Amino acid sequence: MPVSAVVTTKSTEDRQDLIIQPPLSGLSLVGSITVPGDKSISHRALMLGAIATGETKIHGLLLGEDPRSTAACFQAMGAEISPLNTEQVTIKGIGLGQLQEPADILNAGNSGTTLRLMLGLLASHPGRFFSVTGDSSLRSRPMSRVVKPLQEMGAHIWGRKGNSLAPLAVQGSQLKPTHYHSPIASAQVKSCILLAGLMVEGETTVTEPALSRDHSERMLRAFGAKIRINPETSSATVIGPAQLSGQTVIVPGDISSAAFWLVAGAIVPNSELVIENVGVNPTRTGILEVLEMMGADIKRENQREVAGEPVADLRVRYSQLQACTIAGDLIPRLIDEIPILAVAALFARGTTVIRDAAELRVKESDRISAVASQLNRMGGKVTELPDGLEITGTTALTGCELETYLDHRIAMSLAIAALNATGTTTIHGAEAAAISYPDFTTTLQKLCQR
Ligand code: S3P
């Protein structure tokens, strides 16, 4: 006899509550699903398509609010981008160095990737002036991590708090090459500098303390830039000035969105889910390694390479999880998945420790504090550490009223936790999921109604 969970939404103006009421027992999640296109790859495809010469076609673009912000910014600077859809988006590129001075402030919305990557391009356009801003979350996130290295290359950027907070003003100029040793493993920092180096004569190199996602390096190479990688030192070099020509980009499903279903399948008894067409670039698969280390039953099926990125179907079956330690070089390879891994840890035997993840404090929200406060409200045993979390698993969770801090990954992580709680959970600010996963609630409803 199939057992369903009741998943409903309540909307008032632009706010949405997500209400989840699991059955007293017997819920299982079974089926095959797909997830939306990878957010990191979607941003890069839009940006490189805009600055390349000729036409770029993007298949499988994420239609979340973040890539929409990127598209709007580049349209405002002269790129012709067809209406956004998942089938095919066509971009008439304007050519490297040809971004036009926009007549108004560029708005990156909630998207750190849009703002930080774009800054590298703006700073390297001599003679043009740009101003950039974002929503209240983005205006409180640190920009000095990209402003400082760009200034070392000769960039002119001004903003609040010692040029570290948006809104920022950029006077584009001729930059000089650099070898930047980044104190943090951040793909946004790395990509910003590499994009800035595209128009610079000579070698621009970024070395990071551990390898972060390498989508920029892969896609820049596919568009024709000369890129050199040194895996031993986690360094990437662009040799400029580059020639970029439009390409066809096929965006795989986002492993960061698949992560919610991987954990749901692993923690809800008797579940078996197949998530099709997921990007499994090794710089992103920390989530798979950790869940396997915790004893999850996950299989990679139908492994293949699509447009320069590894892709697989992921099958997950329920199993009893065990606690583990997540730290060190693994962190940049699963940084966006820590909120949902914290949910997994609530159902694992023992105490899971997450360290070296202070970066979580400067994401769309302070994710360390958001995860601890909201999961504890449900009855979890979660302790905040300065750079991580300590989570003792297998205490019963009770449904209650929760906040998302308007952070998409917090919203979706709490929804998955609610599936294994007793009673009704109401998640306020659930509209945030649309940043990276507009169909999240629909997929959840589909899986819960059997
Ligand atoms: C991203 C890099 C990561 C990640 C973000 C997307 C990217 O940020 O958290 O969601 O597309 O480059 P950091 O570079 O700040 O680690």
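Residues numbered from 1 in each chain as written. Predicted model: local features only at pLDDT ≥ 70, side-chain atom pairs only at ≥ 80, totals over all residues. Heavy atoms only, no water.

1. Re the site of the ligand
So, point 1. Near the ligand, the surroundings consist of K39, S40, R44, T113, S186, A187, Q188, R213, I335, D336 and K363.
So, point 2. D336 places a polar side-chain atom, nitrogen or oxygen, 2.6 Å from an oxygen atom of the ligand.
So, point 3. Of the residues contributing to the shell around the ligand, the split by class is two nonpolar, four polar and five charged. (Near = heavy atom within 4 Å. Polar contact = N/O pair within 3.5 Å; in protein donor to acceptor, adjacent residues only side chain to side chain. Nonpolar A, V, L, I, M, F, W, Y, C, P; charged D, E, K, R; others polar.)

2. Overview of the pairing of strand β8 (residues 129-133)
So, point 1. Pairing of strand β7 (residues 106-107) with β8, which is carried by two bridges, proceeds in the parallel orientation. The residue of β8 that forms the bridge with L106 is V132.
So, point 2. Remark: the β7/helix α3 (residues 112-123)/β8 crossover connection has right-handed handedness.
So, point 3. Two strands pair when backbone bridges link them, and β8 and strand β10 (residues 165-171) are joined in this way by four bridges, in the antiparallel orientation. Residue pairing across strands places S131 opposite A169, the latter belonging to β10. (Pairing = 2+ DSSP bridges. Helix = DSSP H or I, 4+ residues; strand = E, 2+ residues; numbered from the N terminus. Right-handed = clockwise from strand over helix to strand, strands pointing away.)

3. Observations concerning the domain arrangement of the protein
So, point 1. Looking at the assigned domains, one finds that the protein contains domain 1 (3-37 + 252-448) and domain 2 (39-250).
So, point 2. The C-alpha centroid of domain 2 is placed 29 Å from the C-alpha centroid of domain 1.
So, point 3. Contact residues are listed per partner, giving 28 residues for domain 1 and 26 residues for domain 2.
So, point 4. Its largest share of buried area at the contact with domain 2, domain 1 owes to T283, E364 and I435, together 24% of the area lost on that side.
So, point 5. Counting across the interface, domain 1 meets domain 2 through three salt bridges. (Domains from an automatic or database assignment. Contact = heavy atoms within 4.5 Å. Buried area = accessible area lost by both parts, 1.4 Å probe. Salt bridge = Lys/Arg side-chain N within 4 Å of Asp/Glu carboxyl O.)

4. Focus: the sheet that holds strand β16 (residues 272-279)
So, point 1. Across the sheet, which stays open at both edges, the four strands sit in the order β3-β16-β18-β17 with mixed pairing between neighbours. Two strands close off the open sheet at either side, each with one partner strand: β3 (30-34) and β17 (297-306). Each adjacent strand pair in this sheet contributes to an overall mean axis angle of 15°, direction not counted.
So, point 2. Sheet topology note: the β17/strand β18 (residues 309-317) ladder contains eight bridges and is antiparallel. Across the sheet, V306 pairs through a bridge with E309, a residue of β18. (Axes fitted to C-alpha atoms, helices over the stretch in contact; angles between N-to-C directions.)

5. Re the side chain of T352
So, point 1. Of note, T352 is situated in strand β22 (residues 351-354).
So, point 2. In this structure T352 comes out as buried when scored by relative accessible area, which is 1%.
So, point 3. A polar side-chain atom of T352 sits 3.4 Å from the main-chain amide nitrogen of C324.
So, point 4. In contact with T352, not counting residues within four places along its chain, are M294, A323, C324, I326, A345, L389, E390 and I391. (Buried < 20%, exposed > 50% of the residue type's maximum accessible area, 1.4 Å probe, protein only.)

6. So, the packing of aromatic side chains
So, point 1. Taken as a whole and assessed by the stated rule, the structure comprises four aromatic pairs.
So, point 2. Between the aromatic rings of F260 and F440, the centroid separation amounts to 6.0 Å while the plane-to-plane angle is 75°, which identifies the pairing as edge-to-face. Of this pair, F260 sits in helix α8 (residues 255-267) while F440 sits in helix α13 (residues 440-448), and the two are 180 residues apart along the sequence. Each member of the pair, F260 together with F440, is buried.
So, point 3. Summarising the aromatic geometry, the rings of W261 and F440 are spaced 5.1 Å apart at their centres and angled 20° between planes, so their arrangement reads as stacked. (Phe/Tyr/Trp six-rings, centres within 6.5 Å; stacked < 30°, edge-to-face > 60°.)

7. Observations regarding helix α2 (residues 65-76)
Think of an α-helix as turning once every 3.6 residues; residues three or four places apart then point the same way.
So, point 1. End to end, α2 covers 16 Å across twelve residues, agreeing with the expected 16 Å (1.5 Å per residue, within 8%).
So, point 2. Every buried residue of α2 is listed here: D66, P67, S69, T70, A71, C73 and F74.
So, point 3. The secondary structure elements touched by the buried residues of α2 are α1 (39-51), β5 (80-81), β7 and α3.
So, point 4. Positive phi shows up at G78, right after α2, with a value of about 110°. (Expected span 1.5 Å × (residues − 1).)

8. Section: the packing of helix α4 (residues 144-152) against helix α6 (residues 187-197)
So, point 1. For the pair α4 and α6, the least separation of the axes is 9 Å and the interaxial angle reads 30°. If you check the angle between α4 and α6, you find them roughly parallel. For α4 against α6, the interelement crossing comes out right-handed. Contact with α4, carried on its side by R145, V146, P149 and L150, involves Q188, V189, C192, I193 and A196 of α6 and no other residues of that element.
So, point 2. Residue classes in the contact of α4 with α6 are distributed as seven nonpolar, one polar and one charged. (Parallel < 35°, antiparallel > 145°, perpendicular 65-115°, else oblique. Left-handed = near helix turned anticlockwise from the far one by under 90°.)

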